[in-house]
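# A look at the structure
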Amino acid sequence: MSQRRRIPGLFAPLLLVVAAGATSLGTPASAAEPAARARPLSQVVPAPASVSEGGPSYALTPRTRIRVDDDSREARRIGSYLADVLRPSTGYDLPVTARDARDGIRLRLGSKDASLGDEGYRLESGRHGVTITARRAAGLFHGVQTLRQLLPAAVEEDTRQRGPWTVAGGTIKDMPRYGYRGAMLDVSRHFFSVDKVKTYIDQMALYKINKLHLHLSDDQGWRIAIDSWPRLTTYGGSTQVGGGPGGYYTKADYREILRYAASRHLEVVPEIDLPGHTNAALASYAELNCDGVAPPLYTGTNVGFSSLCVPKAVTYEFVDDVVREIAAMTPGKYLHIGGDEAHSTPHKDYVAFMDKAQAVVGKYGKTVMGWHQLTGAEPAEGAVAQYWGLDKTSATEKAQVANAARNGTKLVLSPADRAYLDMKYDKSTPLGLAWAGYVEVRRSYDWNPGAYLPGAPAQSVLGVEAPMWSETLWTNDQVEYMAFPRLPGIAELGWSPAATHDWDAYKVRLAAQGPRMSALGIDYYRSPQVPWPAE
Ligand code: NGO
């Protein structure tokens, strides 16, 4: 890709400083120079907040070191992570060191620039190397993701490739639009092993996603061990959609997911879906049913037929135990209690149940999250409603959510006809569902979370999330095909300033991700809406 290639329109709104104009982006160009092959700093997904291109480029060499400050364990960890990414393809040693070196990659914490916030970073690239500076480790980590994208796609291969490994000259200053940039994985309809979840975490991190929402229970399976109710998993986790063995996470497994997510600067948001979507629990414990009779396990894909027994006291012992055990393991702020499609719970009972369940979440120190039906009950103070309606959802339902938002409920936006990664791209998509319509790549990108729900204050929006429901999916290949390339678009809506939003510019940047996703072994959907380069 030529360094001179410009992306029309992308920067107009950004008050960009293009250092020396179109003729000298980078070192004095001769076609033979490595610099001529460097990607423009602006080609990153999600689009950075501001980019200033120009000046000499830097090429990694066999002598390049990754320098971190002596006293920073976090910077050292991120340095090792970067080295692990770069070593196989470059074949270079890339030692992570606190020793001073004349050039190389520098990772520095302790920036005094308050405008970077907790997740922002500054990346400067020039003749002597690339320096990434941040206030917090998360910012450094996001900066490292940007650096990956500034290197040729082949850097992502796991075998040795030919360089040169050139980074164009210039400066990026970058921070997110929203603090909540999530992806959800439904591990209930089909179980996903710890390793499969780790693979998806790594792919999310590439695009600066910072929340992993795990849908841990549903009619078809209970997937997280609860010591005080062991049959939830041993029986309730023993199957899945279509039959088959299902599975569940032991507490050690769950802690391993938490650890891995934290190492990629993602916070885990566990969800126990209540009071509907509970057949697996009802099948495991007869006493949770109003009639005291346990239903059989369920392996179909209907929704809305199960409910906890709202009047029974044991229901609240159950909720208390489950929330207590999960809250005790989870370092993150949120605990999601579902609340969607409780079609078998009378409305009065639903309101009473959600009141009690939210109080339990508060008692164990977590912030309530729920699907937006929660706004039809009484959202607790500080609760977060996750909106999953459609463009064509009734004005009344949208107004109910907007009204809650005006009264202090926060919103995470996951409109199903935009952000649901399990929706088919078009009628020929072999996987996925279509109840919310087809969601091609442009449709999933082309909306504004800040102005999506009429009447909801912009400040009520915490961010966006892309749910992956797994009725039709059980392998990473299938997840990748549905997530890519839509997930990078949702990630960009969550990260990039609204002023960068432009489909025509985005599709060109997204196209450049094609070879990178291929190099990473991500089996993505070649949408005809995106001008993918020949690979
Ligand atoms: C709905 C439903 C889920 C389905 C999903 C499939 C919500 C919040 N509840 O989304 O049970 O799996 O659609 O797309």
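Residues numbered from 1 in each chain as written. Predicted model: local features only at pLDDT ≥ 70, side-chain atom pairs only at ≥ 80, totals over all residues. Heavy atoms only, no water.

If you look at the biggest cluster of nonpolar residues, it comprises 143 residues, and the most contacted ones within it are Tyr200, Trp222, Tyr249, Tyr254, Phe318 and Leu487. Considering every element that reaches this core, the biggest residue donor is helix 7 (residues 313-329), with nine residues. Discounting chain neighbours no more than four positions away, the residues touching Phe318 are Trp222, Trp229, Leu232, Leu274, Ala281, Leu288 and Leu308. Judged by nonpolar contacts, the second largest core, of ten residues, contains Trp371, Trp388, Tyr420 and Val439. (Core = buried A, V, L, I, M, F, W, Y, C linked by side-chain atoms within 4.5 Å. Buried < 20%, exposed > 50% of the residue type's maximum accessible area, 1.4 Å probe, protein only. Helix = DSSP H or I, 4+ residues; strand = E, 2+ residues; numbered from the N terminus. Contact = heavy atoms within 4.5 Å.)

Running from amino to carboxyl end, helix 3 (residues 194-206) crosses helix 12 (residues 476-483) at an angle of 25°, the nearest separation of the two axes being 10 Å. Our classification of the angle between helix 3 and helix 12 gives roughly parallel. When you trace helix 3 past helix 12, the crossing you get is right-handed. Between helix 3, through Lys196, Thr199, Tyr200 and Gln203, and helix 12, the contact on the second element is made entirely by Asn476, Val479, Glu480 and Ala483. Of the residues contributing to the contact of helix 3 with helix 12, the split by class is three nonpolar, three polar and two charged. (Axes fitted to C-alpha atoms, helices over the stretch in contact; angles between N-to-C directions. Parallel < 35°, antiparallel > 145°, perpendicular 65-115°, else oblique. Left-handed = near helix turned anticlockwise from the far one by under 90°. Nonpolar A, V, L, I, M, F, W, Y, C, P; charged D, E, K, R; others polar.)

All chains considered together, the criterion is met by 26 salt bridges. A salt bridge links Glu471 to Arg189; the shortest N-O distance between them is 3.6 Å. Taken together, the residues Glu471 in the loop between strand 19 (461-468) and helix 12 and Arg189 in the loop between strand 10 (180-186) and helix 3 connect sequence positions 282 residues apart. A single salt-bridge network, built from bridges that share partners, covers Asp186, Arg189, Asp218 and Glu471. (Salt bridge = Lys/Arg side-chain N within 4 Å of Asp/Glu carboxyl O.)

Here the focus is the site of the ligand. Close to the ligand lie 14 residues; Arg189, Asp340, Tyr420, Asp422 and Glu471 are nearest. Here a nitrogen atom of the ligand and a side-chain polar atom of Glu341 are 3.2 Å apart. A distance of 2.6 Å separates an oxygen atom of the ligand from a polar atom in the side chain of Glu471. Calculation on the ligand without its partners gives an accessible area of 340 Å², and the protein chains cover 98% of this total. Each residue belonging to the shell around the ligand can be placed in one class, and the counts come to eight nonpolar, one polar and five charged. (Near = heavy atom within 4 Å. Polar contact = N/O pair within 3.5 Å; in protein donor to acceptor, adjacent residues only side chain to side chain. Areas by Shrake-Rupley, 256 points an atom, 1.4 Å probe, with all protein chains shown as cover.)

All right, on to the state of the cysteines then. Formally, a disulfide is one covalent bond, and it connects the sulfur atom of one cysteine to the sulfur atom of another. Counted by the stated rule, this structure contains one disulfide. The side chain of Cys290 participates in a disulfide bridge whose partner is Cys309; the two sulfur atoms lie 2.0 Å from each other. Of note, the bridge from Cys290 to Cys309 carries an S-S torsion of about 95° and is right-handed in sense. Of this pair, Cys290 sits in the loop between helix 6 (279-284) and helix 7 while Cys309 sits in the loop between helix 6 and helix 7, and the two are 19 residues apart along the sequence. For Cys290, a relative accessible area of 56% puts it in the exposed group. (Disulfide = S-S within 2.5 Å.)

Let's shift gears to the sheet that holds strand 14 (residues 267-274). Pairing within the closed barrel is parallel, and its eight strands lie in the order 10-11-14-15-16-17-18-19. Each strand of the sheet is rotated relative to its neighbour by a mean of 30°, with strand direction disregarded. As judged from the two bridges shared by strand 14 and strand 15 (residues 334-338), these two strands associate in the parallel manner. Across the sheet, Leu274 pairs through a bridge with Gly338, a residue of strand 15. Lying over the sheet, helix 3 contacts strand 10, strand 11 (211-215) and strand 19, oriented at roughly 155° with respect to strand 10. (Pairing = 2+ DSSP bridges.)

Turning to helix 12, a few remarks are in order. Burial within helix 12 is extensive, with seven of its eight residues counted as buried. Taken residue by residue, helix 12 has Asn476, Gln478, Val479, Glu480, Tyr481, Met482 and Ala483 as its buried positions.

The next point concerns the sheet that holds strand 1 (residues 50-53). Overall, mixed pairing links the seven strands, which are arranged 1-9-6-7-5-3-4 in an open sheet. Two strands in the sheet have a free side with no partner beyond their single neighbour: strand 1 and strand 4 (96-97). Strand direction decides the pairing type here: strand 1 and strand 9 (residues 170-174), joined by four bridges, are antiparallel. Within strand 9, the position partnered with Glu53 by the bridge is Gly170.

To continue, consider the side chain of Asp349. With respect to the helices and strands, the residue Asp349 is situated in helix 8 (residues 347-363). Buried charged residue Asp349 carries no salt bridge. Nearest counter-charge: Lys348, at 4.2 Å. Beyond its immediate chain neighbours, meaning those up to four positions away, Asp349 contacts Val310 and Pro311. (Lys, Arg positive; Asp, Glu negative; His and termini not counted.)

Before going further, it helps to spend a moment on the environment of Arg181. Tracing the backbone shows Arg181 in strand 10. Residue class for Arg181 comes out buried when judged on its relative accessible area of 1%. For the pair Arg181 and Tyr254, spaced 73 residues apart in sequence, the C-alpha to C-alpha distance is 21 Å. If we ignore the near neighbours within four places in the chain, the residues touching Arg181 are Glu119, His142, Pro176, Lys208, Ile209, Asn210, Lys211, Val464, Ala491, Gly494 and Trp495. One polar contact links Arg181 to Glu119, side chain to side chain, over a distance of 2.8 Å.

Before going further, it helps to spend a moment on the packing of aromatic side chains. Tallying each qualifying case throughout the model produces 24 aromatic pairs. Aromatic pair Phe191 and Tyr249: ring centres 4.9 Å apart, planes at 50°, arrangement tilted. Here Phe191 is found in the loop between strand 10 and helix 3, whereas its partner Tyr249 is found in the loop between helix 4 (231-234) and helix 5 (251-263), with 58 residues between them in sequence. Consider the rings of Trp229 and Phe318, whose centres lie 5.2 Å apart with planes at 85°: the pair is edge-to-face. Here Trp229, found in the loop between strand 13 (221-222) and helix 4, pairs with Phe318, found in helix 7; they are 89 residues apart in sequence, far enough to count as distant. What makes Phe318 buried here is its relative accessible area of 1%. Counting every residue linked through ring pairs, the aromatic cluster contains Trp371, Trp388, Tyr420, Trp435 and Trp469. Between the NZ or CZ atom of Arg486 and the centre of the ring of Tyr425, over which it lies, the distance is 3.8 Å. (Phe/Tyr/Trp six-rings, centres within 6.5 Å; stacked < 30°, edge-to-face > 60°. Lys NZ or Arg CZ within 6 Å of the ring centre and 35° of its normal.)

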